[in-house]
Amino acid sequence: MSHTILLEPLEPFFFGGSQTFGRLGDENGGSYLARSEHFPQQSAVLGMLRKELMIQAGLLTRKIRGEWVDYPRKSKALALVGGEKFDFSATAPQDFGAIKSIGPLHIRRNGKRYFPRVALEKYGIRPNFDNPKAPLLEGYNQKEYKLFDYLYGIDDGKWLALDEVFESWESVGNRLGGEEKALYRRIAYRFKQEGDAFAFELECEVPLSESIVSLGGDGSRFRLTVTESAPTLSTSLLPNGGLLLLSDCYIPLAEIRSHCRFAVTDEVSHSHLRGNRKSVQKRYGGQRFDKAIPRHFYRAGTIFFEPDETLVYTIEAQKNLVKIGYNHILKGESL
């Protein structure tokens, strides 16, 4: 069954990104400034859903040292949410039990949907193809325009700047066990308008009930609600023959320029933390986590003009990424 899931924050939220992996203050992989991303990673949403399904099914045990599934319930848990950890490198869809697909995250405000989209029309900017060897953006001023700092209302055609949706929430953190370099600045976010929520489509064989869930680096709390599935997106959002990235997309092509006429793109790095059970640091009182090798994705909102079939196929062929909300695209009418 398909539904729309809404996540309304109950407190400021912090979503990890490339700046927040590793121990703060480390020479490699650390920083004194920990800034949240605006959106959580799709893999984090998957983890939240798997945990919540086990909680609502009464399979997750809470004990002094953490949360886990007791052995007599293990087979039921595996059937419900699968036993594999999400793997960026897997090409075939992994088994996540009742979770069949997760759609790309977007913002829901007053019942309207807002997706990241490069803000060309807002500024009256258009690609000029008169010189096929060197197309350019007419009217673009790099210092004045921040093309990827906008969301587009696919139901009402309105643009929302990110700073109209999010406001920063700054605090000072203290790295546990730190001596020198222990203090750091932490910048979280919250929504400016009450009632705004993150949203995504979910196809799941087991119904979810309204609840309070945790998501993000500090386990920020959100109210999860379930509503009817939203209408299909219209191709009228795109120029004829265009291709819009609705989510961050991994595109393993060495030379993108040879597979489309023109593109307005940005990149973002995605990674995850993995446990290293053989390297427990007693000084910090817990398991050491290492940073997995990051992958570079094209940012949601990117537009490719006149892409060829190879580009479209390569994006959609990443079935495991598509399954949890990455590599979702909207194709123009001629594609």
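Note: the structure precedes this text.
Reference entry: report on the structure contained in this document. Positions within a chain are numbered from 1, following the residues in the order the chain's sequence is written. For a predicted model such as this one, the threshold for reporting local features is a pLDDT of at least 70, and the threshold for listing and counting side-chain atom pairs is 80 or more; totals across whole chains, interfaces and linings nevertheless cover every residue. Note that the side-chain values use all heavy atoms of the structure and ignore hydrogens as well as water.

Quick word on unusual backbone geometry
- One non-glycine residue, Asn110, lies in positive phi territory at about 50°.
- Structurally, Asn110 is set in the loop between β6 (106-109) and β7 (112-116).
- Non-glycine residue Asn327 carries a positive phi angle of around 55°.
- Secondary structure counts use DSSP, requiring at least four H or I residues in a row for a helix and at least two E residues in a row for a strand, with both numbered from the N terminus. With respect to the helices and strands, Asn327 occurs in the loop between α5 (319-323) and β24 (329-331).
- Between buried and exposed lies partly exposed: a residue is buried under 20% and exposed over 50% of the maximum accessible area for its type, with that area taken using a 1.4 Å probe on protein chains only. On the accessibility criterion, Asn327 (2% relative accessible area) is buried.

Some words on the sheet that holds strand β17 (residues 242-245)
- Paired strands are those between which DSSP finds at least two bridges. The strand order across the open sheet formed by four strands is β18-β23-β17-β24, and the pairing between neighbours is antiparallel. The open sheet has two edge strands with one neighbour each: β18 (262-264) and β24. For this sheet, the mean inter-axis angle between neighbouring strands, taken without regard to orientation, is 15°.
- Relative to strand β23 (residues 303-305), β18 runs antiparallel, the two sharing three bridges. Considered in β23, the bridge of Ala263 is made with Phe304.
- Contact between two residues is taken to exist if any of their heavy atoms lie within 4.5 Å; hydrogens are not considered. Fitting a line to C-alpha atoms yields each axis, with helices limited to the stretch in contact; the angle taken between N-to-C directions then spans 0 to 180 degrees. Where helix α4 (residues 309-316) meets the sheet, it contacts β17, β23 and β24, and its direction lies at approximately 150° from that of β24.

Concerning the nonpolar core
- Nonpolar core, defined: a set of buried Ala, Val, Leu, Ile, Met, Phe, Trp, Tyr and Cys residues in which side-chain atoms within 4.5 Å join the residues together. Formed by 47 residues in total, the largest nonpolar core has its most connected members in Leu7, Phe166 and Phe198.
- In terms of residue count, helix α1 (residues 42-56) provides more of this core than any other element does, six residues in total.
- Membership of the second largest hydrophobic core comes to 22 residues, among which are Ile125, Leu137, Tyr152 and Leu330.

A word on α4
- Considered for burial, the residues of α4 that qualify are Leu311, Val312, Thr314 and Ile315. All buried residues of α4 project into a common sector of 165° when viewed along the axis, lining one side. Of the exposed residues in α4, those oriented more than 90 degrees away from the buried face are Glu309 and Tyr313.
- The elements touched by buried residues of α4 are β17, β23, α5 and β24. Working note: the arc is built from the helix axis to C-beta atom directions.

Considering helix α2 (residues 74-81)
- Along α2, the residues that are buried comprise Ala77, Leu80 and Val81. One side of α2 holds all its buried residues, which, seen down the axis, span an arc of 70°. Turned more than 90 degrees away from the buried face of α2, the exposed residues are Ser75 and Ala79.
- In this fold, the buried residues of α2 make contact with α1.
- Backbone geometry just downstream of α2 places Gly82 in the positive-phi region, at approximately 80°.

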